[in-house]
Structure formats: C-alpha cells, structure tokens
Amino acid sequence: MHLTIRQLMVFEAVARNNSFTRAAEELHLTQPAVSMQIKQIEETIGLPLFEHIGKKIFLTEAGREMYHYSRSITQTLSEIEAVMEELKGIKRGRLNIAVASTANYFATHLLASYFKHHENIHYSLDVTNREGLLRHLELNDVDLVIMGQPPEELDVVAESFMENPLVVIAPAAHELCGQKNIPIESLNRETFIMRERGSGTRIAIERFFSEHGIEISTGMEMSSNEAIKQAVGAGLGLGIVSVHTLALELEAGFLEVLDIDKFPITRNWYVVHRKGKRLSPVSEGFRRFVLEQAPSIMKPL
Ligand code: PGA
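Caption draft 1: Layout of the side chain of glutamate 12. Tracing the backbone through its elements, the reader meets glutamate 12 in helix α1 (residues 5-17). Beyond its immediate stretch of four places on either side in the chain, glutamate 12 contacts Tyr67, Ser70, Arg71 and Thr74.

Caption draft 2: Molecular detail of the site of the ligand. With respect to spatial proximity, the complete set of residues near the ligand consists of Ala100, Ser101, Thr102, Asn129, Arg130, Gly148, Arg195, Ser199, Gly200, Thr201, Arg267 and Trp269. Contact between the ligand and threonine 201: an oxygen atom at 2.5 Å from a side-chain N or O atom of the residue. Protein chains shield 100% of the accessible area of the ligand, which is 280 Å² for the free molecule. Of the residues contributing to the shell around the ligand, the split by class is two nonpolar, seven polar and three charged.

Caption draft 3: Here's a closer look at the packing of aromatic side chains. In the structure shown here, the tally under the stated rule is 13 aromatic pairs. Taking the centre distance of 6.1 Å and the plane angle of 70 degrees together, the rings of phenylalanine 106 and phenylalanine 161 count as edge-to-face. Residue phenylalanine 106 is located in helix α5 (residues 104-117), and its partner phenylalanine 161 is located in strand β6 (residues 156-163); the two are separated by 55 residues in the primary sequence. In this structure, phenylalanine 106 and phenylalanine 161 share a single accessibility class: buried. Cluster of aromatic residues (ring-pair linked, three or more members): Tyr114, Phe115, Tyr123, Phe286 and Phe289.

Caption draft 4: Main features of the nonpolar core. Formed by 35 residues in total, the largest nonpolar core has its most connected members in Ile146, Phe161 and Phe286. Among the elements of the structure, β3 (92-100), α5, α6 (130-139), β5 (144-147), β6, β12 (268-274) and α10 (281-297) are those that each provide at least two residues to this core. Looking at this core element by element, the count peaks at six residues for α5. Aside from chain neighbours lying at most four places away, what touches phenylalanine 286 is Leu95, Ile97, Leu110, Leu111, Tyr114 and Leu144.

Caption draft 5: Quick peek at α1. Taking 1.5 Å per residue as the helical rise, α1 with its 13 residues ought to reach 18 Å, and the 18 Å between its terminal C-alpha atoms agrees with that figure. In terms of residue burial, α1 counts as a mostly covered element, since ten of its 13 residues are buried. All of the buried residues along α1 are Gln7, Leu8, Val10, Phe11, Glu12, Ala13, Val14, Ala15, Arg16 and Asn17. Asparagine 18 sits one or two residues past α1 and shows a positive phi near 55 degrees.

Calculation rules
- Residues numbered from 1 in each chain as written.
- Predicted model: local features only at pLDDT ≥ 70, side-chain atom pairs only at ≥ 80, totals over all residues.
- Heavy atoms only, no water.
- Helix = DSSP H or I, 4+ residues; strand = E, 2+ residues; numbered from the N terminus.
- Contact = heavy atoms within 4.5 Å.
- Near = heavy atom within 4 Å.
- Polar contact = N/O pair within 3.5 Å; in protein donor to acceptor, adjacent residues only side chain to side chain.
- Areas by Shrake-Rupley, 256 points an atom, 1.4 Å probe, with all protein chains shown as cover.
- Nonpolar A, V, L, I, M, F, W, Y, C, P; charged D, E, K, R; others polar.
- Phe/Tyr/Trp six-rings, centres within 6.5 Å; stacked < 30°, edge-to-face > 60°.
- Buried < 20%, exposed > 50% of the residue type's maximum accessible area, 1.4 Å probe, protein only.
- Core = buried A, V, L, I, M, F, W, Y, C linked by side-chain atoms within 4.5 Å.
- Expected span 1.5 Å × (residues − 1).

By themselves, these figures tell us nothing about what the structure is for.
Rendered as structure tokens:
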C-alpha cells in the first residue's frame, strides 16, 4: 500500500470537517481535487472511506480507523513544525487560535498589537461560540483558545487573564434606566433577548438566574452579541452581555447598563490549550503576551 502524507492530510481534513467542501476551502483546493484524492486513497486501500447518504457523508468503519491514524500523523507533523520553529526562534511561524465570539471584541486588538512586533507571523483566527471552542480543544486543531470557562471534561491548561463582567443592557429610554440598586426580583417581569444554545454567556446567565431563583421570560434567541444589542436597542427586550462588547453603544447613548442588585455576573477570560501540547515559540509568545498585556489593552468601561 502506498499512501502519501498529502493524501492523509486531505482525508483528515474531510473527516474532521465532515464535508468535502469545507475541507477544500481549508486546504485551498477545489472540491473535485479533494474528491479525486479521496477516490485514489480508496482505490489504494481497496475499501470505501465514506458513505454518502442524501447530502451527508459518514465515515465507514475503515474511514474511522483511517481517521484515528491520520489524526495522530497530522498532529505529529504539526509538532515537527513547532520544534523546527523553536530552533529558528520566534521570528516567523504560524499561530492558529480560536476565540469566543464575545472575546473577539478584544482578541483582534491583542492580535494587532502582537503582530506589530512580529511581522512575519501568519495566523488564523476562528471566532465561534463555546460549543465550537470545545470542539477545537477536543480535536486539538488550534494552538490556543480564548474562552469564558475552561472545560472540566478535558485535560487542559487554563490561565485566567482578565475579568469578564456580564451586565444588563436596556434601550436608553427604558423605565429602569437611571434608577439605582434595582432589586433583582424586578427582572422577573422582563423579557430577555438571549444568545443561542452553545453560548458560554448564555450558560452563565442561566446558572446565575437559577441560583437567585429568578425566572425571566426568554424572548428571541440570537446568535451574536451584535444582534442582541440591536434587538435591545429596538425595544424587543433586555439583554445581558459582556461589558467587552459594549464600548461604542454606551458612548453613543444607544444603550444603557442597568444598575441591578447582584450584577454584574462575575466571570473571567482564560487562555487555554490541551495539556501536554507542545506550543511553538510563536504560540508561547502570544500566550505570554495575552497574560501580560490583555488587561492594559482592554481599558475597563
Ligand atoms: P460565547 O462566549 O457566549 O460567545 O460562547 C464564551 C464564553 O463567554 O464562555
């Protein structure tokens, strides 16, 4: 049997993304080129690797075995790359990070200021919700993750670097605006625009209200902080978001933070990676940069 590393990488990308199209995008190939590679592997090994049912693809038993081995090969390859980078020093290299959609408001500032001093570094940034971040950690396919709550079910190194307070926002004309120490019970009557399932912010809000015995009514669900702020501004309900998402709207007087008793919900931001992962000098440099610089780059409101 003669398989090339390239073929294994293509297979690994299709299996991990569960999609020929997404794998082709990731590898900068056309979809027919990816299908051709998979066909060649299947011919070489004499077994099908995928089943096509309707529009979906599923790994066959041979595919699952192949995925197991191709993952460990691609991980070893990226370790080789990291070790070689280490030998070259921090001057060049690649940084793959994934950040919570809520963290993106400051993560891009952090990246911009890191790259001012490290011009030859290429990076990829995936912005997704907590569920997406957990998947990245499980697959071990990024160097670092910035998230609001490290997972308990995975063996990770998680370091907290900045507070992440969650506050209640209302449109500027709301009757509660301007009131002091509003009792938390008054939220019982309010409708909230909530983030989608899978969002870390949403999990924290639900836990907080259940701890305080408050039953809010959930209005619409929206999958981004931007959409929530717009909906709150339009008077569709109240919202709870991280203060890091808010600077512009508060400055413009479009939204206000309500002074509710027991708020803000206190949380922290963490920079996380899988335990035992060998970080390249570039990733290690960025990790240290985040721990040292993030609080000063993000001025409190
Ligand atoms: P999210 O943020 O709500 O965008 O998933 C992650 C988190 O705060 O844990």
